[in-house]
Protein chains: 2
Amino acid sequence: MTIEQRQLIYIDYIAKVKETDDVFDTTLEEEAKKADIYRSDQEWEPMLVAVGESWVVSGLDKALIGRKKKEEFEVEVPPADGFGERDPKKIVVYTRRKLLEADVKEELRPGMVVTIDGLPAVVRVAGSGRALLDFNPPLAGKTLSYTVFIRSICTTFNEKVRALIKRRARQLAEKKDLFRFRKKNGLLTIKLSESEMYIKDFQLIKKGIANDVFKLLPEVLIIHFIEELTNPFIEEETTQEPATESPPPDVGLEDKE
Amino acid sequence: MTIEQRQLIYIDYIAKVKETDDVFDTTLEEEAKKADIYRSDQEWEPMLVAVGESWVVSGLDKALIGRKKKEEFEVEVPPADGFGERDPKKIVVYTRRKLLEADVKEELRPGMVVTIDGLPAVVRVAGSGRALLDFNPPLAGKTLSYTVFIRSICTTFNEKVRALIKRRARQLAEKKDLFRFRKKNGLLTIKLSESEMYIKDFQLIKKGIANDVFKLLPEVLIIHFIEELTNPFIEEETTQEPATESPPPDVGLEDKE
């Protein structure tokens, strides 16, 4: 099975700036520690990629097509397929007055990053009355070198749905019992228990999951997110519990993997 | 049909302080304007009451039992069944230093309301070095007089559910097509379209609706809130739309009123 457009795959990678050999990004904990870019609040594990969907830089995206599971390869990514060419027009002189207008009040030094109208810029030269600011992304103009390990390819519908849920809501996907889903005809039902209702920004997370599913699994025409709440005032010994006696059609959804 | 505990009814009322005849609350727009307590951001319409559930002061709550639709009556509510007796211990001397500690910096005058540790207090006496603050609710110790009009009594299950939804989410309940619900055995399904997902605090609103329903309609054992999203990438001329071809059991829920 070779990798095609829109497939969901897991990869590990080590990304370097070619000319300096500096590692600027990786999914591998050991490599991150070696390169001094390790962060304890990050998950160090293979990354999910929807091939050809711009989840990674385009040079890497293109290089994934046609690969096989467990394959390992290196790819050189020129600036145009990476973080873009350096644009000389994005290097701009700012006078003291313009800096104050942009709310930059501190003393500038070369190498500092300042934010102007929401955009980060690197200070290249700092004089008393003016400064030269570079709005190019730090990796613009660089040729990159990726070492890539294809870890796995999602093949079943359920593997794909679970991967897409986990991408947006890791805390749910890891507790399999919290998130149950079932597909019937074009309807995908994702069932949540009450404790999930109060996750921060959960409505936006649901929207994100739906967008990913609709784009990558076109067999899904409708998604139902079901939040289930149970009457807390009913005593436990009741014998009327419908979910155990005679389940109505939309109770007791199971992940039929 | 007489009114009983836990029934859902709609009432209008005019509430006065007995000794002064001042109207301090009402559901009637004209009366509010007369009493100079009209606010344009409020809905002037009968109020939903779950009888005996402390949605109104207990003196009024008790007086509703046994009444009939269209009945009109007056009831006198003593402090104990209204906003409580006045508690002399809640009238406290505050020194200048204690006021500053509580972040009260302005010049105090009798009648002013200040907030201390989140509690409002009325300034009774204000001297140069100290002030007498009254933490009793403004209507504590007052005998109240309610004129009440019983407008209607919710009788069907659907009327009750719609009333409880409207109480928490007026914007939804008024557009009947946005909120569809159906009961089957002990399961109440409330179906929402995508545009409802982003209502502010919607997860808490759903929780509130569920609490009210579980308390007042004990025949509901489980509630499913279903949020339905439709694949925007599928072209309209597709013939595979499952909701029109062969509906799966939990699609196309209708309010079967």
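To be clear, the structure that these remarks concern was listed above.
Only a predicted model underlies this, so the values are computations on that prediction, with no experimental measurement involved.

**With respect to the pairing of strand β10 (residues 179-184) of chain B**
Two faces belong to every sheet, and in a regular strand the side chains alternate between them. Residue and element names in this part refer to chain B. Judged from the six bridges that link them, β10 and strand β11 (residues 187-193) form a sheet pairing that is antiparallel. Of the residues in β11, the one forming a bridge with K184 is L187. Between β10 and β11, which pair antiparallel one after the other, the connecting turn spans two residues, and N185 there sits at a positive phi close to 50°.

**Quick word on the side chain of Q203 of chain A**
In this structure, Q203 of chain A sits in helix α6 (residues 202-216). Engagement of the side chain of Q203 of chain A in a polar contact is seen with the backbone oxygen of M197 of chain B, the distance being 2.9 Å. Dropping the residues within four chain positions of it, Q203 of chain A is found in contact with E227 of chain A together with M197, Y198, F202, Q203, K206 and E227 of chain B.

**Quick notes on helix α6 (residues 202-216) of chain B**
Residues and elements named next belong to chain B. The end-to-end C-alpha distance of α6 is 21 Å, a good match for the 21 Å that 15 residues give at a rise of 1.5 Å each. Burial of α6 is extensive: eleven of the 15 residues sit out of reach of the surface. Along α6, the residues that are buried comprise F202, Q203, I205, K206, G208, I209, A210, D212, V213, F214 and L216.

**Considering the sheet that holds β10 of chain B**
Strand order in the open sheet formed by six strands is β10(A)-β11(A)-β12(A)-β12(B)-β11(B)-β10(B), with mixed pairing between adjacent strands. Of all strands in the sheet, those with a lone pairing partner are β10 (179-184) of chain A together with β10 of chain B, marking the two edges. Neighbour-to-neighbour, the strand axes of the sheet open up by a mean angle of 20°, direction not taken into account. Most of the contacts of helix α4 (residues 157-168) of chain B go to β10 of chain B, to which it runs at about 135°, and overall it touches β10 and β11 of chain B. Across the sheet, α6 of chain B is in contact with β12 (222-230) of chain A together with β10, β11 and β12 (222-230) of chain B; its angle to β12 of chain B comes to roughly 145°.

**Considerations on the sheet that holds strand β6 (residues 113-116) of chain B**
Residues and elements named next belong to chain B. With antiparallel pairing, the four strands of this open sheet are ordered in space as β5-β8-β7-β6. Either end of the sheet is taken by a strand with one partner, and the two such strands are β5 (91-95) and β6. Along the sheet, successive strands turn relative to each other by an average axial angle of 45°, direction set aside.

**Section: unusual backbone geometry**
With phi around 65°, D36 of chain A is a residue other than glycine that occupies positive phi space. Secondary-structure assignment places D36 of chain A in the loop between α1 (29-35) and β3 (47-50). Owing to a relative accessible area of 71%, D36 of chain A belongs among the exposed residues under this scheme. Here the phi dihedral of D201 of chain B falls at roughly 55°; this positive angle occurs in a residue that is not glycine. Within the secondary structure layout, D201 of chain B lies in the loop between β11 and α6.

**Some words on the nonpolar core**
Ranked by size, the top nonpolar core spans 31 residues in total, and within it L188, I190 and I223 of chain B carry the most contacts. The dominant element in this core, judged by the number of residues it contributes, is α6 of chain B, at seven residues. Filtering out sequence-adjacent residues up to four positions away, I223 of chain B remains in contact with E227, E228 and L229 of chain A together with L188, I190, A210, V213 and F214 of chain B. Counting residues in each nonpolar core, the second largest holds 30 residues, with C154, F157, V161 and I223 of chain A among its members.

**Overview of the environment of V123 of chain B**
Residue and element names in this part refer to chain B. Turning to its location among the elements, V123 is positioned in strand β7 (residues 119-126). Separated by ten residues in sequence, V123 and L133 place their C-alpha atoms 4.7 Å apart. For V123, the residues in contact, after removing those within four places along its chain, are L108, R109, P110, G111, M112, V114, L132 and L133.

**Some words on the packing of aromatic side chains**
Residue and element names in this part refer to chain A. Applying the stated criterion across every chain, the model contains ten aromatic pairs over all chains. On the numbers, 6.4 Å between centres and 85° between planes, the contact of F24 with Y146 is edge-to-face. Of this pair, F24 sits in strand β2 (residues 23-26) while Y146 sits in strand β9 (residues 144-153), placing them 122 residues apart in sequence. Feature note: the residues Y13, F24, F83 and Y146 constitute an aromatic cluster, connected by ring pairs.

**Remarks on the pattern of salt bridges**
Residues and elements named next belong to chain A. Across all of its chains, the model carries 42 salt bridges over all chains by this definition. Across the pair R97 and E101 runs a salt bridge, and its minimum N-O distance is 2.9 Å. Remark: E101 and R97 occur in helix α3 (residues 96-101); sequence separation between them is four residues, near one turn of the helix. Each member of the pair R97 and E101 is classed as exposed. The salt bridge involving D212 is made with R167; its shortest N-O contact spans 3.0 Å. With D212 in helix α6 and R167 in helix α4 (residues 157-168), this residue pair connects regions lying 45 residues apart in the sequence.

**Concerning the packing of α4 of chain A against α6 of chain A**
Residue and element names in this part refer to chain A. Where α4 contacts α6, the axes come no closer than 9 Å and their chain directions differ by 145°. Considering the relative orientation of α4 and α6, their crossing is right-handed. Two secondary-structure elements touch here, α4 through L164, I165, R167 and R168 and α6 through I205, G208, I209, D212, V213 and L216. Of the residues assigned to the contact of α4 with α6, the class counts are six nonpolar, one polar and three charged.

**Considering the packing of α6 of chain A against α6 of chain B**
Remark: α6 of chain A packs on α6 of chain B, axes separated minimally by 9 Å, with the N-to-C direction vectors making an angle of 105°. On the basis of the axis angle, α6 of chain A is roughly perpendicular to α6 of chain B. Where α6 of chain A approaches α6 of chain B, its residues F202, Q203 and K206 of chain A are matched on the opposing element by F202, Q203 and K206 of chain B. Residues of the contact of α6 of chain A with α6 of chain B, tallied by class, amount to two nonpolar, two polar and two charged.

Each value, and the rule that gives it
- Residues numbered from 1 in each chain as written.
- Chains lettered and ligands numbered in written order.
- Predicted model: local features only at pLDDT ≥ 70, side-chain atom pairs only at ≥ 80, totals over all residues.
- Heavy atoms only, no water.
- Pairing = 2+ DSSP bridges.
- Helix = DSSP H or I, 4+ residues; strand = E, 2+ residues; numbered from the N terminus.
- Polar contact = N/O pair within 3.5 Å; in protein donor to acceptor, adjacent residues only side chain to side chain.
- Contact = heavy atoms within 4.5 Å.
- Expected span 1.5 Å × (residues − 1).
- Buried < 20%, exposed > 50% of the residue type's maximum accessible area, 1.4 Å probe, protein only.
- Axes fitted to C-alpha atoms, helices over the stretch in contact; angles between N-to-C directions.
- Core = buried A, V, L, I, M, F, W, Y, C linked by side-chain atoms within 4.5 Å.
- Phe/Tyr/Trp six-rings, centres within 6.5 Å; stacked < 30°, edge-to-face > 60°.
- Salt bridge = Lys/Arg side-chain N within 4 Å of Asp/Glu carboxyl O.
- Left-handed = near helix turned anticlockwise from the far one by under 90°.
- Nonpolar A, V, L, I, M, F, W, Y, C, P; charged D, E, K, R; others polar.
- Parallel < 35°, antiparallel > 145°, perpendicular 65-115°, else oblique.

Shape is all these values report; function is a separate question.
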